[in-house]
Amino acid sequence: MAKIDLSKYGITGTTEVVYNPSYELLFEEETKPELEGFEKGQESELGAVNVMTGVYTGRSPKDKFIVMDENSKDTVWWTSDEYKNDNHPATEEAWAAVKDIAIKELSNKRLFVVDAFCGANKDTRMAIRFIVEVAWQAHFVTNMFIQPTEEELENFEPDFVVYNASKAKVENYKELGLNSETAVLFNITSKEQVIVNTWYGGEMKKGMFSMMNYFLPLKGIASMHCSANTDLNGENTAIFFGLSGTGKTTLSTDPKRLLIGDDEHGWDDNGVFNFEGGCYAKVINLDKESEPDIYNAIVRDALLENVTLDENGKIDFNDKSVTENTRVSYPINHIKNIVRPVSSAPAAKNVIFLSADAFGVLPPVSILTENQTQYYFLSGFTAKLAGTERGITEPTPTFSACFGQAFLELHPTKYAEELVKKMEVSGAKAYLVNTGWNGTGKRISIKDTRGIIDAILNGAINKAPTKTIPYFNFEVPTELEGVDTGILDPRDTYADAAEWDVKAKDLAQRFIKNFAKYEGNEAGKALVAAGPQL
Ligand SMILES: Nc1ncnc2c1ncn2[C@@H]1O[C@H](COP(=O)(O)OP(=O)(O)O)[C@@H](O)[C@H]1O
Ligand SMILES: C=C(OP(=O)(O)O)C(=O)O
Ligand SMILES: [Mn+2]
């Protein structure tokens, strides 16, 4: 096992480095009786340990900063008044100060160091070193990232280092130009991330996704906030884009197909590949009958977050008292049907945009033209669901470019360009699937959505009779096997179709207004006709 010298990172006085701990050791460490507060894990009836992540139970995009320096200033897609996003610039002074806080926090301690990969493709993966002081944080990254073999560990040279100082605070954040005592800070030049004052594991997971989103498109590889699966022969690949809570994890976990990954993928000339080694599923209201594969993945080595357990470890998945964003992370091999040994498959034939429409306007499925594909990808309309981001407590309509704006480090059109290039080569078709609400006031059922996905993947949708939905000019099927015919035209789900009309016009207007930011060039202007028309 490699000997880890942390003094080169400025971390001194380390009493012990627990290096790439085994699952047995992680279990022992995170359930030690002397642990207190949010460090303490509790074994649940299903064998998985549950932890509480403290004040932060979701990501904190307002605290995300990137160091603006010579190297990053002209490449990163910075937030601006014209187009606000989550790439807030930090000075090199702020970086030095926050890194110093992290280094002090991590010095003179017994630490966990986890070396792992992000990216299943050996040519483009990032070797990442996570330095943490909390055992379950080491467990989280062990679950979520790709675990190196013994041999790979021998010669492991990190490309990127993550310092997690969740117990520290940035007291002088105002003078450093930061947002709060919490900081999630990236330095693209030195290839480091520092996390201060949030315990939420998603910052490490989505943090490294953001970095892949920076480096890969610059190499001509599509980098995508999507889940992916393929058929049992590993041939008919599908990708499912969607913002948090729209169904990427739920719908890609399909017993009839092989899972590639549930959240972050690249698409290069060889096909689609996972960035991660595990899945991070929402478990609020998790039901064994409707989502058996996710339920069955919750065994020893899986890690539950913010779930309510009684003193005997009995789980109440319906309890939202801590957060709606209750989660479980598990290594991908907890799902039976996965692509092995490497999470990759040939180029996608079907591209599905998942949008959870809280207005009840979008049809449950629309067949998109090529220009509609680009228009709706850049628009990224959906609702943010409660819990994944701080401050979001109810479904909130949003336009999140490329269905993952919070993680884009380059301009959205770069991701659209790379996706379109790959889709053209493979002849892929795109569909917009509403996993949100309709005129009944209820969310479209998982059963109906699964029926729709089946019809897309087996090609039945292309043989179905269709009609066109006004304002949006969406082509929608009028009947599909396994799907309630009464929901396919959203107007039929309203007691009075005129109600849909009012809402549809309002939503169309929002699309038009949002898209104005892309109309500064010819390519953007050319897409306007593919968007809603009033
Ligand atoms: N029609 C539907 N399609 C997909 N998910 C649905 C649907 N209706 C309700 N849900 C719920 O929405 C949530 C989707 O979450 P998840 O699959 O984890 O999304 P993501 O991976 O995109 O963040 C799950 O809790 C699921 O049970
Ligand atoms: C973990 C997250 O993503 P998702 O809900 O897409 O799995 C997140 O956004 O913090
Ligand atoms: Mn997910």
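What you are looking at is a predicted structure, and each value in this text was computed from that prediction instead of being measured. (Residues numbered from 1 in each chain as written. Chains lettered and ligands numbered in written order. Predicted model: local features only at pLDDT ≥ 70, side-chain atom pairs only at ≥ 80, totals over all residues. Heavy atoms only, no water.)

### So, the overall build of the protein
To keep things clear, this is the line we draw: Going along the chain from the N terminus, every DSSP run of H or I of four or more residues is numbered as a helix, and every run of E of two or more is numbered as a strand. For a compact globule the rule gives 2.2 Å times the number of residues to the power 0.38, and the radius of gyration it is set against comes from C-alpha atoms. Categorising residues by exposure relies on relative accessible area from a 1.4 Å probe, with only protein chains included: less than 20% of the type maximum marks a residue as buried, more than 50% marks it as exposed, and the intermediate range marks it as partly exposed. We call two residues in contact whenever any of their non-hydrogen atoms come within 4.5 Å of each other. Within this scheme the basic residues Lys and Arg register as positive and the acidic residues Asp and Glu register as negative, but His and the chain ends are omitted. Charge positions are represented by NZ for Lys, CZ for Arg, CG for Asp and CD for Glu.
Each helix and strand in the protein was counted, giving twelve helices and 29 strands. Since a compact globule built from 534 residues should have a radius of gyration of about 24 Å, the 23 Å found for the protein is in line with a globular shape. Across its three principal directions, the C-alpha atoms of the protein cover 70 × 55 × 40 Å. Classification of the 534 residues of the protein by burial places 61% in the buried group. Summarising the internal contacts of the protein: among those between residues at least 6 apart in sequence, 72% fall at separations of at least 24. Placing the 54 positive and 78 negative side-chain charges of the protein at their respective mean positions leaves the two points 2 Å apart.

### A few points about the side chain of Glu105
With respect to the element layout, Glu105 can be found in helix α2 (residues 92-106). Taking relative accessible area as the criterion, Glu105 reaches 16% and is therefore assigned buried. Among residues more than four places away in sequence, those in contact with Glu105 are Glu133, Ala165, Lys167 and Ala168.

### Focus on the site of ligand 2
The condition that has to hold: Nearness is judged by heavy atoms alone; a residue qualifies as near a molecule or strand once a single heavy atom is within 4 Å of it. Between N or O atoms, a polar contact is any pair within 3.5 Å; within protein, one atom must be a potential hydrogen donor and the other a potential acceptor, and residues adjacent in sequence are included only when both atoms are from side chains. Areas reported as accessible are Shrake-Rupley estimates using a 1.4 Å probe. Residue values count occlusion only from the protein chains shown.
As a structural note, the neighbourhood of ligand 2 is formed by Arg59, Tyr200, Lys205, Lys206, His225, Ser244, Lys248, Asp263, Tyr280, Arg327, Thr388 and Phe407. In this structure, an oxygen atom belonging to ligand 2 sits 3.2 Å away from a side-chain N or O atom of Asp263. Arg327 places a side-chain nitrogen or oxygen 2.7 Å from an oxygen atom of ligand 2. Within the complex, the protein chains bury 97% of what would otherwise be the 290 Å² of accessible surface of ligand 2.

### Structural notes on the layout of surface pockets
The following threshold applies: Think of a 1 Å grid over just the protein atoms. A cavity is a set of points where a 1.4 Å probe fits yet cannot get out, a pocket is an open set with protein on both sides within 12 Å along at least five of seven lines, and lining residues have an atom within 4 Å of a point. Grid points are joined across faces, edges and corners, and a volume is the space filled by probe spheres set on the points. Residue polarity follows a fixed list, in which Ala, Val, Leu, Ile, Met, Phe, Trp, Tyr, Cys and Pro are nonpolar, Asp, Glu, Lys and Arg are charged, and the others, Gly among them, are polar.
Reported here for the largest pocket is a volume of approximately 970 Å³. Looking at the largest pocket, it is lined by 41 residues, and the ones nearest its centre are Gly245, Lys282, Ile284, Leu385 and Arg443. Elements represented by at least two residues in the lining of the largest pocket include exactly α5 (202-215), α6 (248-252), β17 (278-282) and α10 (446-457). Of the residues that constitute the lining of the largest pocket, the class distribution is 13 nonpolar, 14 polar and 14 charged.

### Side note on the nonpolar core
Quick reminder of the rule: Only buried Ala, Val, Leu, Ile, Met, Phe, Trp, Tyr and Cys residues count toward a nonpolar core, and they belong to the same one when joined by side-chain atoms within 4.5 Å. The domain boundaries here were taken from an automatic or database domain assignment.
If you look at the biggest cluster of nonpolar residues, it comprises 104 residues, and the most contacted ones within it are Met208, Ile239, Phe241, Trp267, Phe353 and Phe472. When residues in this core are grouped by element, the largest group, seven residues, is from α5. Looking at which domains feed residues into this core, each of domain 1 (14-36 + 59-217) and domain 2 (220-275 + 342-528) supplies at least three. Excluding residues within four positions of it along the chain, Ile239 makes contact with Met224, Cys226, Ser227, Ala228, Trp267, Val272, Ala348, Asn350, Val351, Ile352 and Leu419.

### Observations concerning α5
The α-helix advances 3.6 residues per turn, and as a result positions three or four apart in sequence lie on the same side. To be explicit about the condition: The span one expects for a helix is its residue count, reduced by one, times 1.5 Å.
With 14 residues, α5 extends 20 Å from end C-alpha to end C-alpha; this agrees with the ideal 20 Å at 1.5 Å per step. The buried fraction of α5 is high, at 14 of 14 residues.

### Observations concerning the domain arrangement of the protein
Heads up, the condition is: Put simply, buried area is how much 1.4 Å-probe accessible surface two parts lose in total, over both of them, once they are put together. A carboxyl oxygen of Asp or Glu within 4 Å of a side-chain nitrogen of Lys or Arg is what we treat as a salt bridge.
Here the protein is described as being made up of domain 1 (14-36 + 59-217) and domain 2 (220-275 + 342-528). Measuring from the centre of the C-alpha atoms in domain 1 to the corresponding centre in domain 2 gives 30 Å. With 31 residues of domain 1 in contact, the opposing surface of domain 2 contributes 30 residues. Taking both sides of the interface into account, the surface hidden between domain 1 and domain 2 amounts to around 2700 Å²; carbon and sulfur atoms contribute 55%. When the buried surface of domain 1 facing domain 2 is broken down by residue, Arg59, Tyr83 and Pro217 rank first, second and third, together holding 25% of it. Joining domain 1 to domain 2, the criterion identifies four salt bridges. Our count for the domain 1 to domain 2 interface comes out at 21 residue pairs in polar contact (both at pLDDT 80 or more). Of all the elements in the fold, those that place two or more residues in the side of domain 1 that touches domain 2 are β4 (64-67), β6 (110-118) and α5. No other element matches the eight residues that α5 contributes to the side of domain 1 that touches domain 2.

### A word on the sheet that holds β4
Applied cut-off: A pair of strands counts as paired when DSSP detects no fewer than two bridges linking them. Fitted lines through C-alpha atoms serve as axes, helices being fitted only where they are in contact, and the angles separating the N-to-C directions of these axes extend from 0 to 180 degrees.
One open sheet holds the eight strands; their spatial order is β1-β6-β7-β8-β10-β9-β4-β5, and the pairing between them is mixed. For this open sheet the edge positions go to β1 (16-19) and β5 (88-90), each flanked by a neighbour on one side alone. Ignoring strand direction, the axes of neighbouring strands in this sheet form an average angle of 25°. By the bridge criterion, three bridges tie β4 to β5 in an arrangement that is parallel. Paired with Ile66 across the strands is Pro89, a residue of β5. Those strands touched by α2 are β4, β5, β6, β7 (126-132), β8 (160-165), β9 (183-187) and β10 (192-196), and its axis lies near 65° from that of β10.

### Details of the site of ligand 1
Put simply, the rule reads: More than half of a molecule's atoms within 2 Å of the grid points is what it takes for that molecule to sit in a cavity or pocket.
Neighbouring ligand 1 are 16 residues, the closest being Gly245, Lys248, Thr249, Thr250 and Ile444. The side chain of Lys248 places a nitrogen or oxygen atom 2.8 Å from an oxygen atom of ligand 1. Its atoms largely coinciding with the cavity grid, ligand 1 occupies the largest pocket. Looking at the shell around ligand 1, the elements that each hand over two or more residues are α6 and α10. Split into classes, the residues belonging to the shell around ligand 1 amount to three nonpolar, nine polar and four charged.

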